[in-house]
Each structure stands twice: as structure tokens, then as C-alpha cells.
Amino acid sequence: MNIFYQDSGDLKVGTIIKDGDSSLQVETQFGKKIKIKSNQVFLRFDHIGLEGFLEVATSLASDVDADLLWEGCEGQEHSFTVLSRRYFGAVVQPEQQAAVLMVLYANPAHFYKRNRGEFKPAEPAALAAAKASLKARKEREALFEQYTALLTKYELPNQFRGLEQELLYRPNKPGIENKAIDAAISQLNISRTELFNRLGVLPNPKDYHLGRFLFEFFPEGFDHEGLETFLVADDLELSHADIFSIDDAATTEIDDAFSVSRIEGNNFRIGIHIAAPALAILRDSKWDKRARKHLSTVYLPGQKITMFPEQIINQFSLKENEVVPAISMYMVCDPELNVLTTETKLERVAVKKNLDVLNLDEKFNPEKSGDELNQCQYAEELLTLYRLAKNLQRTRLKDRDNPIDRREFSFSVCGDRVDITLRRRGSPIDLIVSEMMIAVNNKWAQLLSQNGLKGLYRVQSNGRGGLSVDPAPHEGLGLDVYAWASSPLRRYVDLENQRELIKLISPARELGASDQDNSRRVAQDFELAYANYAEFQKLMERFWCLRWLEQEKRTIFRSELYRAEHVRLQDIPLHCKVPNLPEMQIGEHVNIKLTDIDLMNLTVKAEFLEKAD
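So, how was this worked out
- Residues numbered from 1 in each chain as written.
- Predicted model: local features only at pLDDT ≥ 70, side-chain atom pairs only at ≥ 80, totals over all residues.
- Heavy atoms only, no water.
- Helix = DSSP H or I, 4+ residues; strand = E, 2+ residues; numbered from the N terminus.
- Rg over C-alpha atoms; globule rule 2.2 N^0.38 Å.
- Buried < 20%, exposed > 50% of the residue type's maximum accessible area, 1.4 Å probe, protein only.
- Contact = heavy atoms within 4.5 Å.
- Areas by Shrake-Rupley, 256 points an atom, 1.4 Å probe, with all protein chains shown as cover.
- 1 Å grid on protein atoms, 1.4 Å probe; cavity = no way out; pocket = protein on both sides within 12 Å on 5 of 7 lines; lining within 4 Å.
- Points joined across faces, edges and corners; volume = space filled by probe spheres on them.
- Nonpolar A, V, L, I, M, F, W, Y, C, P; charged D, E, K, R; others polar.
- Arc of directions from axis to C-beta.
- Phe/Tyr/Trp six-rings, centres within 6.5 Å; stacked < 30°, edge-to-face > 60°.
- Lys NZ or Arg CZ within 6 Å of the ring centre and 35° of its normal.
- Core = buried A, V, L, I, M, F, W, Y, C linked by side-chain atoms within 4.5 Å.
- Expected span 1.5 Å × (residues − 1).
- Pairing = 2+ DSSP bridges.
- Axes fitted to C-alpha atoms, helices over the stretch in contact; angles between N-to-C directions.
- Salt bridge = Lys/Arg side-chain N within 4 Å of Asp/Glu carboxyl O.
- pLDDT = per-residue confidence, 0-100.
- Parallel < 35°, antiparallel > 145°, perpendicular 65-115°, else oblique.

1. Overview of the overall build of the protein
Next, step 1: When helices and strands are counted, the protein shows 17 helices and 24 strands.
Next, step 2: Taking 25 Å as the expected radius of gyration for a compact globule of 613 residues, we find that the protein reaches 39 Å, considerably beyond that expectation.
Next, step 3: Projecting the C-alpha coordinates of the protein onto the three principal axes gives extents of approximately 125 × 70 × 45 Å.
Next, step 4: Out of the 613 residues belonging to the protein, those deemed buried represent 45%.
Next, step 5: Restricting the contact set of the protein to residue pairs at least 6 apart, pairs at least 24 apart contribute 62%.
Next, step 6: Carbon and sulfur atoms provide 46% of the accessible area of the protein, an area that totals close to 31,500 Å².

2. Concerning the layout of surface pockets
Next, step 1: When its volume is computed, the second largest pocket comes out at roughly 470 Å³.
Next, step 2: Lining the second largest pocket are 21 residues, and of these Leu392, Thr395, Ala439, Asn442 and Leu479 lie nearest its centre.
Next, step 3: In terms of residues, the lining of the second largest pocket owes the most to one element, helix α15 (residues 428-450), which gives 6 residues.
Next, step 4: Grouping the constituent residues of the lining of the second largest pocket by class yields 9 nonpolar, 7 polar and 5 charged.

3. Considerations on empty space enclosed by the protein
Rolling a probe over the atoms, with the probe sized like a water molecule, indicates the empty space that remains.
Next, step 1: In this structure the tally under the stated criterion is 1 cavity of 30 Å³ or more.
Next, step 2: In terms of lining, the largest cavity is formed by Arg283, Lys454, Leu456, Glu496, Asn497, Glu500, Ser514 and Ser519.
Next, step 3: Element by element, the count of residues in the lining of the largest cavity is highest for helix α16 (residues 492-505), at 3 residues.
Next, step 4: Here the residues of the lining of the largest cavity are counted per class, giving 1 nonpolar, 3 polar and 4 charged.

4. Details of helix α3 (residues 80-88)
Next, step 1: The set of residues buried in α3 consists of Phe80, Leu83 and Ser84. In an axial view of α3, the angular spread of the buried residues amounts to 105°, which keeps them on one side of the axis.
Next, step 2: Of the surrounding secondary structure, the elements contacted by the buried residues of α3 are β5 (41-45), α2 (66-72), β6 (78-79) and α4 (94-106).
Next, step 3: Taken from the residues just after α3, glycine 89 is the one with a positive phi, measuring 120°.

5. Remarks on the packing of aromatic side chains
Next, step 1: As enumerated under the stated definition, the model contains 23 aromatic pairs in all.
Next, step 2: Relative to tyrosine 533, the ring of phenylalanine 218 has its centre 6.2 Å away and its plane inclined at 25°; by these criteria the two rings are stacked. Residue phenylalanine 218 is located in the loop between α9 (205-217) and β9 (243-247), and its partner tyrosine 533 is located in helix α17 (residues 516-552); the two are separated by 315 residues in the primary sequence. With respect to burial, phenylalanine 218 and tyrosine 533 carry one shared label: buried.
Next, step 3: Aromatic side chains phenylalanine 364 and tyrosine 386 sit 6.4 Å apart centroid to centroid with 75° between the ring planes, which places their arrangement in the edge-to-face category. Separated by 22 residues along the polypeptide, phenylalanine 364 in the loop between α12 (357-363) and α13 (370-374) and tyrosine 386 in helix α14 (residues 379-397) bring together distant segments of the chain. Just as phenylalanine 364 is buried, tyrosine 386 falls in that class too.
Next, step 4: In this structure an aromatic cluster arises from ring pairing among Phe213, Phe217, Phe218, Tyr533 and Phe536.
Next, step 5: Across the ring face of tyrosine 330, the terminal group of arginine 269 is positioned such that the distance to the ring centre comes to 3.6 Å.
Next, step 6: The side chain of arginine 458 reaches across the aromatic face of tryptophan 484, ending 4.2 Å from its centre.

6. A word on the nonpolar core
Next, step 1: Membership of the largest hydrophobic core comes to 126 residues, with the highest contact counts inside it found for Leu382, Met436 and Leu594.
Next, step 2: Setting aside chain neighbours within four positions, we find leucine 594 in contact with Leu549, Thr555, Phe557, Leu569, Leu574, Cys576, Val604, Lys605 and Ala606.
Next, step 3: One finds Leu43, Phe53, Leu83 and Phe111 within the second-largest nonpolar core, a separate group that totals 26 residues.

7. Focus: the side chain of serine 559
Next, step 1: Secondary-structure assignment places serine 559 in strand β20 (residues 556-563).
Next, step 2: Once residues lying within four places of it in the same chain are set aside, the contact partners of serine 559 are Val567, Arg568, Leu569, Gln570, Glu588, His589, Val590 and Ile592.

8. A closer look at helix α7 (residues 176-188)
Next, step 1: Over its 13 residues, α7 extends 18 Å from the first C-alpha to the last, a length consistent with the 18 Å expected when each residue adds 1.5 Å.
Next, step 2: Of all the positions in α7, only Ile176, Asn178, Ala180, Ile181, Ala183, Ala184 and Ile185 are classed as buried.
Next, step 3: On its buried side, α7 packs onto α5 (124-152), α6 (164-169) and α8 (192-199).
Next, step 4: With its phi angle positive at about 60°, asparagine 189 sits one or two positions after the end of α7.

9. Topic: the sheet that holds strand β1 (residues 2-7)
Next, step 1: The strand order across the open sheet formed by 5 strands is β4-β3-β2-β1-β5, and the pairing between neighbours is antiparallel. In the strand order of this sheet, the two ends are held by β4 (33-37) and β5, each with one partner. Across the sheet, the mean angle separating the axes of adjacent strands is 45° when strand polarity is ignored.
Next, step 2: The pairing of β1 with strand β2 (residues 10-19) spans 6 bridges and is classified as antiparallel. Directly across from phenylalanine 4, in β2, lies its bridge partner valine 13.
Next, step 3: Packing against the sheet, helix α1 (residues 50-63) makes contact with β1, β2 and β5, and its axis sits at approximately 155° to β2.

10. Topic: the pattern of salt bridges
Next, step 1: Using the criterion set out here, one finds 28 salt bridges in the structure.
Next, step 2: A salt bridge links glutamate 237 to lysine 345, with the nearest nitrogen and oxygen atoms 3.7 Å apart. Within this pair, whereas glutamate 237 is found in the loop between α9 and β9, its partner lysine 345 is found in strand β15 (residues 339-356), the two being separated by 108 residues in sequence.
Next, step 3: When its relative accessible area of 52% is taken as the criterion, glutamate 237 is described as exposed.
Next, step 4: Given a relative accessible area of 17%, lysine 345 falls into the buried group.
Next, step 5: Where arginine 499 meets aspartate 288, a salt bridge forms, and the shortest distance between an N and an O atom there is 2.7 Å. Remark: aspartate 288 occurs in helix α10 (residues 286-294) and arginine 499 occurs in helix α16; sequence separation between them is 211 residues.
Next, step 6: Residue arginine 499 is classed as buried on the basis of its relative accessible area of 1%.
Next, step 7: One network of salt bridges, in which partners are shared, links Arg283, Asp288, Glu496, Arg499, Glu500 and Lys503.

11. Re the confidence of the model for the protein
Predicted coordinates in areas of low pLDDT are best not read in detail.
Next, step 1: Averaged over every residue, the pLDDT of the protein is 90; the share at 70 or more is 96%.
Next, step 2: Element-level mean pLDDT values for the protein span from 69 in α13 up to 96 in strand β11 (residues 267-275).

12. Focus on the packing of α10 against α16
Next, step 1: Their axes nearest at 9 Å, the elements α10 and α16 cross at an angle of 135°. Here α10 lies oblique to α16, going by the angle between them. Where α10 abuts α16, its residues Asp288, Ala291 and Arg292 lie against Tyr492, Leu495 and Arg499.
Next, step 2: Classifying every residue of the contact of α10 with α16 gives 3 nonpolar, no polar and 3 charged.

Okay, here's the thing in C-alpha cells:
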């Protein structure tokens, strides 16, 4: 005796070996012996073989109209035997019953399973919705096949136009477009970037890396429309100091400048002047929200993404021959340049000269005197600032050693060409700028803290640092309190601290309210953004280092081991992993060979050649 039964949700045929009251031993059509319960059996037959029965039933099922069968239910629950008679007539063969059962099982949107062999028809609305869903799924599957076929022939579907960046940088995994791309690259056995390259829509490597960053952090672009011209500071006193700045020649966001004056008793009046955009960029204004979103200027070789649009920078930057508002800190120093008193004030300043830091590095040498020293512009003023900087550093560090000079590289990019030059940090000019900024940021942090204002402080303890809304020591700098306030055109934290300073200096000015919770959010958001921007800067510096290798067509380089299997080149700031290095000590030098440069993935193959003297 043969049976038509259900096993693990599927309909099958088999032959009874042993028939019991509640269970049967059955040999399947494939010869496997199994045990099933009696209530799993729907039909028994012996007039035809297993394969013949299944073939006839399957053929009949292909012709059964599920909609007509559903109508035959007349909204009521029925067994498959009843529905078989309604569909085929009063007399039905086992194969016809099996065919109806197959259709009932294959159309769960039409029929809901109830007890053994019984089914309830779906409600009309539910069936209509299920049909629509099924139709949409079939259309989606057809579209998927169409997309995949085009992609494997390296043709971009028209529907993908305008979605290239999203599909390349942040693919929506459930999306049909992304699934088609995944299927295509799997069939072609290539990477996503290689597929986009062959489709002709992959940016060049530089634009690829920049595009990824912009897509993630600046998806809305840069809206500069509707920018008003700010008329501020007309009521402020004009400083008559001879003011000059020290910056890279390409710098547009000139936040800081200096002045040196002789006063009575052979004393000095040293001025540190900081641009004051906070006078006009009020909290929660349009341009504050724009700066709050960016949080910092982003730097990368050859270009930058400024926190403020160019129009605002031009109005507040301490440019040569411009009169702009500033917050100035004046230090009165004795002839030996020990600080006696300090004063902070709001004023207008006119910068006489923007000095180029690279030119100063070449010409300013505090060991020189007379005509040699005078070859440098503002030589006497720079010498005074240098002596003051030495005193400030000595006082700040106390018995600690001075910071060790470190190597720093400058990138100059023109088109696809890059020049990389070494600049050693810790030059006299570096010392002047860094100590003046540390001094003003320390003093202003003291003012914020002592007056209970909502400052954002830079703190460091046990080598770990960050932003805090509570004042605390910065152990690395040797200071009891420290805050960033000297770069308000470049960093939102500095802008926030400047608003609080103005509140102290000029309480009548309304710059917008803030609270501790807002300060904490700014601190958290800034730390995250600043870290991401720094990581991107490193990535683009690596890109231009690899581009320099291609450009110079050099392969052999002297390098220094800085950790296991990792070296840094002497000529450019490039770090590489060298897997075949011999046993070596950190700091030892080796010669390596670099090949297989990949600008898209930012990789290079490094091979050990020999130890270097």
C-alpha cells in the first residue's frame, strides 16, 4: 500500500512497510526507511506506482486555479477532500485530491492551515494585499535580474544614475541596487571599486577618498547663500599698537597677531590679539548653526574645508591693512621680560603686516645681532617675543626638560604634483607662537574658571586628555587650567569660549544664551569630529606620500624601526609594515624597497633589503 503524506512541512509519497495503530514504518520513494505518525497520512493508494502518482498529481496541480479554488471555499473552512469535489466534481481520484492539497500548501496567502487537511480561506482584503505584495516581489526579482545582467556586462543601469556616491560609499544593504552590485561582483570575482571603475563612474583615487569623507561628514554640502555683511565693533576703541601676524603664506583664517611696545621704565607691553567673530556670530543664528555642524576647519594637503564660509573669514580674519574687532591680552613685562600684569580688552585692531612663517624660519636667528638680525622684518620685536617665550616656557615647565624637537613635513600640492619638505618643529618662531598661544589660553581659562563662566577646558591627566566643562589641570603643559580660545575662526570650541569671555568683558552685549548641558554636547561632538578630521588628514597625507613615490619613481629608502615590523621613512612621513625584517631594536635603521603602490586602497609593498649604518 502506498501513501501520500506530510513530513517536515513537505508533501511526499512512500510505501508502507508496517502499519500500526498510531504510526507507520515507511519506505520513501528514494528508498529511505522512516517512521511517521498515522495522522501525517492524507491518502492511501495502490493502483499506481509512487513516481507515476506524483507525476500525475504534480501535472494536475499546475492546472488548478488557486483563485477559483479560493472562491469555492465560499468564505468557510473546509477539508481538502471537500474542496477537491467542489473543484473536480463529485467523483475524484486520489491524484486529483493530491493536486488540490498541493495547491492549498503552495498558496499560503490564499489558504490558512487549520486542523489536519483542513484550510480556511483568507479574507478578501488580506488576499488582495498578499497578491499585491507577491506581484511587487516578482517585479523586484525581475528588476534584480535585469540590473545584475547589465552590471556583469559593465553597463550602468539608468536607474543607478545619481546614486553612484551612495552605492560606492554607503550602500544600503537591503536595497535592490546594492544586492545587484553584490551579485555582479560575486559573479565577476572583482571588488566594488573595480566594478565602478569598469562602469566608468569611479572617481580618481584622490577624489574617491575626498568624496567618501564629504559624503559621510558633509552630505548636505556647503550652503553659503544669503550671507549678510556684519557691521560690528564701531563702538570699540582702535588700538594704536604696531601689530603683525605670523602664519603660513597660504593661511586665510588668521586668528592671532602680536605687538611689542616699549613703555615707561624700560618695560614692555606685549599684545596678543585674537580675531573676534563671536561679536557677530550669535548663538543659534544661521551661521552659528553652520559652524556648530562643522565644529572645526578640516585640513588636508593642498586644500581645506573651513568651518566658516569665505565671506565670514574675510570679515574677521586679521589680514594686513584691515581694521577688525579683536580680543587682546596685554602683558606688561619688566626689562628681563618677566610678566608683571595682564589685561584683556575688546578693541579694534589694524594689522600692519602678515609675516610668512617659512620666510621667518630662514631669516630669524636669535643668536645673530646687528645687520644680520635686521635682515628679518620685525627682528627686534621677534627677539623680544622669543626672550619672553623662553621665560614663559621655563616657568611653565619648571624642572622638566624642554620638549624634544620633532620632525614635521609640509605638503605643497599643485594639480597631481606634490612636493614634501621637512620642517623641524621647535624653531625660534615655533617657540614664539606656541608659547604666546599657551599664555593667552591659560590666562583666559583662568578668567572663565574664576568667574564661573561656561568654559570648555582642555585637561590632561596621566597622559590622557580631552575636553571638559569643569576646569582641571593640563599636566602635559604644566598648567593648573587651560582652554582653547585662540582660534575662533577655525574651532567651534574657541568660538564658544570667546563668547563667554565677551560676556565677562562686555556684559551688555547679547550673544545668545547657553547652559551646561549644551556645553557638554559641544564638547562631546567636537571631540568626535576633531578625531575624525585628524584621521582623514592622516589618510590624505598617506595618499600624497604614495603619490610622491609614483612621481619621483624611487623605490629604495632609508627607514627607522618604530615598532615590530613597522618602519617610518626618513624622507617623507610614510609608515610601512615590513614583514621580513630581521631581529632589530627600536630606533635602528634599515634600507627597504617599495613596490606595488595602490592609491585606491592606500597600500604599498615593503621589502627589507639590509640594515643601514
